[in-house]
Amino acid sequence: MNLLLLGSGGREHALAWKLSESPLLNRLYIAPGNAGTAAVGTNVPIGATDFDALKTFSLDHGIDMIVVGPEAPLVEGVYDFFHGDEETRHIRVIGPSKEGAMLEGSKDFAKNFMVRHQIPTARFLTVSSETIEEGYAFIDSLPSPYVLKADGLAAGKGVLIVDDADNAKRQLGEMLDGQFGEASRRVVIEEFLSGVECSVFVLTDGKSYKILPVAKDYKRIGEGDSGLNTGGMGAVSPVPFADADFMEKVRTRIVEPTVNGLREEGIPYKGFIFLGLIKVGEDPKVIEYNARMGDPETQAVIPLVQSDLLDLMVGVATETLGERSLVIDSRHAVAVVMASGGYPGSYETGKPIDGLGEVSESLVFHAGTKEVDGGVVTSGGRVLAVTSLGATMGEALEASYRNIEKIRFEKRYFRRDIGKDIKEAYGTY
Ligand code: AMP
Ligand code: GLY
């Protein structure tokens, strides 16, 4: 099979690396890719949302399947574009339809979907400028703190947690006035939930599903979960608090009603569903849906998948996923992100990266890198993820931190406390 993978981050390098091992694969192209994906396939200089150029490329290169990494092409309708066009209908797209991607693209859509299918989530009210008074009354009815979410995509910045009711009302006004552009013309006000969070990834063909290993993401830039939110500074998988009892609740209360709900509503969904969950007491609740895999969770989770990922994707495309098995490595995986100093604020790029060849016993997934004159230089905020597997999470962490020391670039930054909260709470894990 000839595959075209869309995206250019660490998630896409991990997917490309795994797909490149499949005996079913003939050619692997990545649009646009990075210096890491270039080592396992062929990068193509086309943006992931340039559908016309992707179509021309796909027809010229006999592409059989498109695997979508990031949310933007999904929310913009890449599935519908290829499946709705006679010339490209035969090309299978792994990812939801535009309507399915609204689970990520509109928080209001996602919340109402959960209400329709009795999927546990925080109480909420969606407001616009016309209904701001109702928003004020809802804030007054809730205990502090208050959660305000821009309805649309806001580059991961659209969620505010505010302690004081008056501030929450003021913030609500600013959001509705366009603080996050069009994305916050509608705002979802939510009850605050307290608990530990984890990321659960589901692969579905619209009928059956497979649940991948659970991950925990470290979102803040600073150690001890301080400072600004980032895309994610590290991930570990599995996580101890997502035990068998909890996962059975996740499966019956969340995964099944989600997959069945999409099918009952006639929403085509053949791809990954990312459940951002919070464990409240012993019960899972949905904080958010995403229509894709997480980054950097993918860099920890995908190396634990022993089955042929491309074969599973063929199962997704042909609605025969239920006939396939998902075999998972029993070890622990961690991914530690190396970033450019200054990220998630401003940072410099073009810094030469040394020592990649010295890495042993870890996998290095590239995110913000590019090749210049035969060398690799930084080209983004998150630069690399160093992934290791180990008999325990502690062993995997030791390997990643040992190898990080070998990789050098000016003003590199990484968190030294990935997994520390779990070690403190659970000891050797
Ligand atoms: P989201 O973009 O929806 O994942 O929200 C970003 C982060 O805000 C989440 O990872 C949570 O840490 C936090 N968050 C979102 N919704 C809630 C909620 N209802 N209660 C508590 N924390 C929340
Ligand atoms: N790491 C969280 C995300 O990919 O959205």
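The coordinates are above.
What counts and what doesn't
Residues numbered from 1 in each chain as written. Chains lettered and ligands numbered in written order. Predicted model: local features only at pLDDT ≥ 70, side-chain atom pairs only at ≥ 80, totals over all residues. Heavy atoms only, no water. Core = buried A, V, L, I, M, F, W, Y, C linked by side-chain atoms within 4.5 Å. Buried < 20%, exposed > 50% of the residue type's maximum accessible area, 1.4 Å probe, protein only. Helix = DSSP H or I, 4+ residues; strand = E, 2+ residues; numbered from the N terminus. Contact = heavy atoms within 4.5 Å. Near = heavy atom within 4 Å. Polar contact = N/O pair within 3.5 Å; in protein donor to acceptor, adjacent residues only side chain to side chain. Areas by Shrake-Rupley, 256 points an atom, 1.4 Å probe, with all protein chains shown as cover. Nonpolar A, V, L, I, M, F, W, Y, C, P; charged D, E, K, R; others polar. 1 Å grid on protein atoms, 1.4 Å probe; cavity = no way out; pocket = protein on both sides within 12 Å on 5 of 7 lines; lining within 4 Å. Points joined across faces, edges and corners; volume = space filled by probe spheres on them. Patch = residues over 30% accessible without salt bridge, like charges linked within 9 Å, V, L, I, M, F, W, Y side chains within 5 Å. Salt bridge = Lys/Arg side-chain N within 4 Å of Asp/Glu carboxyl O. Pairing = 2+ DSSP bridges.

Novice: Just to check I follow, could you spell out the nonpolar core for this structure?
Specialist: Counting 73 residues, the largest nonpolar core has L4, L6, I66, L275 and Y289 as its most contacted members. It is helix 9 (residues 244–264) that provides the largest number of residues to this core, a total of seven residues. The contacts of Y289, once residues within four sequence positions are left out, are L103, E104, A110, F113, M114, I119, T258, I273, F274 and L275. By size, the runner-up hydrophobic cluster in this structure holds 32 residues, among which are A16, I94, L312 and V314.

Novice: When you look at the site of ligand 2 in this model, what are you seeing that I'm missing?
Specialist: Neighbouring ligand 2 are D217, G231, F274, R292, G294, D295, P296 and E297. The side chain of D217 places a nitrogen or oxygen atom 2.8 Å from a nitrogen atom of ligand 2. Here a nitrogen atom of ligand 2 sits 3.1 Å away from a polar atom, N or O, in the main chain of G231. The fraction of the free accessible surface of ligand 2 (200 Å²) that becomes covered by protein chains is 88%. Partitioned by chemical class, the residues of the shell around ligand 2 number two nonpolar, two polar and four charged.

Novice: Teacher, can you tell me more about the layout of surface pockets here?
Specialist: Sizing a probe to match a water molecule and rolling it over the atoms shows the empty space that remains. Roughly 150 Å³ of volume is contained in the second largest pocket. In terms of lining residues, the second largest pocket is bounded by 14 residues, among which G206, R263, I267, P268 and Y269 are the most central. Elements represented by at least two residues in the lining of the second largest pocket include exactly helix 9 and strand 16 (269–280). With three residues, the single largest contributor to the lining of the second largest pocket is helix 9. A breakdown of the residues in the lining of the second largest pocket according to their chemical character gives six nonpolar, three polar and five charged.

Novice: Is there a simple way to think about a nonpolar patch on the surface in this case?
Specialist: A cluster of nonpolar residues, V159, I161 and F192, forms a patch on the protein surface that exposes about 250 Å² of accessible area. Its location among the elements puts F192 in the loop between strand 9 (187–191) and strand 10 (196–204).

Novice: How should the pairing of strand 22 (residues 382–390) be read in this particular structure?
Specialist: Along a regular strand, successive side chains alternate from one face of the sheet to the other. Most of strand 22 sits out of view: eight of its nine residues are buried. Two elements, strand 18 (residues 332–340) and strand 22, share eight bridges in a ladder whose sense is antiparallel. Note on strand 22: the bridge partner recorded for A333 is L389. Bridging between strand 19 (residues 363–366) and strand 22 involves four bridges; their strand directions are antiparallel. Within strand 22, the residue paired with H366 across the bridge is L384.

Novice: Got a minute to help me understand the site of ligand 1 in this structure?
Specialist: Surveying the vicinity of ligand 1 reveals 14 residues, the closest of which are E190, E191, L193, E197 and E288. Between K219 and ligand 1, the recorded distance is 3.4 Å, taken from a side-chain N or O atom to an oxygen atom. Relative to its unbound accessible surface of 470 Å², ligand 1 loses 87% to contact with the protein. Contributing elements (two or more residues each) for the shell around ligand 1: strand 7 (146–150), strand 8 (159–162), strand 9 and strand 17 (283–290). The residue inventory of the shell around ligand 1, partitioned by class, reads seven nonpolar, no polar and seven charged.

Novice: Sorry if this is basic, but what is going on with the pattern of salt bridges here?
Specialist: Once the charged atoms of two side chains with opposite charge are near each other, the side chains can pair. Within this structure, the stated rule accounts for 37 salt bridges. A salt bridge links D311 to R324, with the shortest nitrogen-to-oxygen separation between them at 3.3 Å. Taken together, the residues span a long stretch of sequence, with D311 in helix 11 (residues 309–317) and R324 in the loop between helix 11 and strand 18 at a distance of 13 residues. Here D311 falls in the partly exposed class, since its relative accessible area comes to 27%. Note on R324: relative accessible area 18%, which makes it buried. E424 is the partner of K420 in a salt bridge, and the nearest nitrogen-oxygen pair spans 3.9 Å. Within this pair, K420 and its partner E424 are both found in helix 13 (residues 420–426), separated by four residues, close to a single helical turn.

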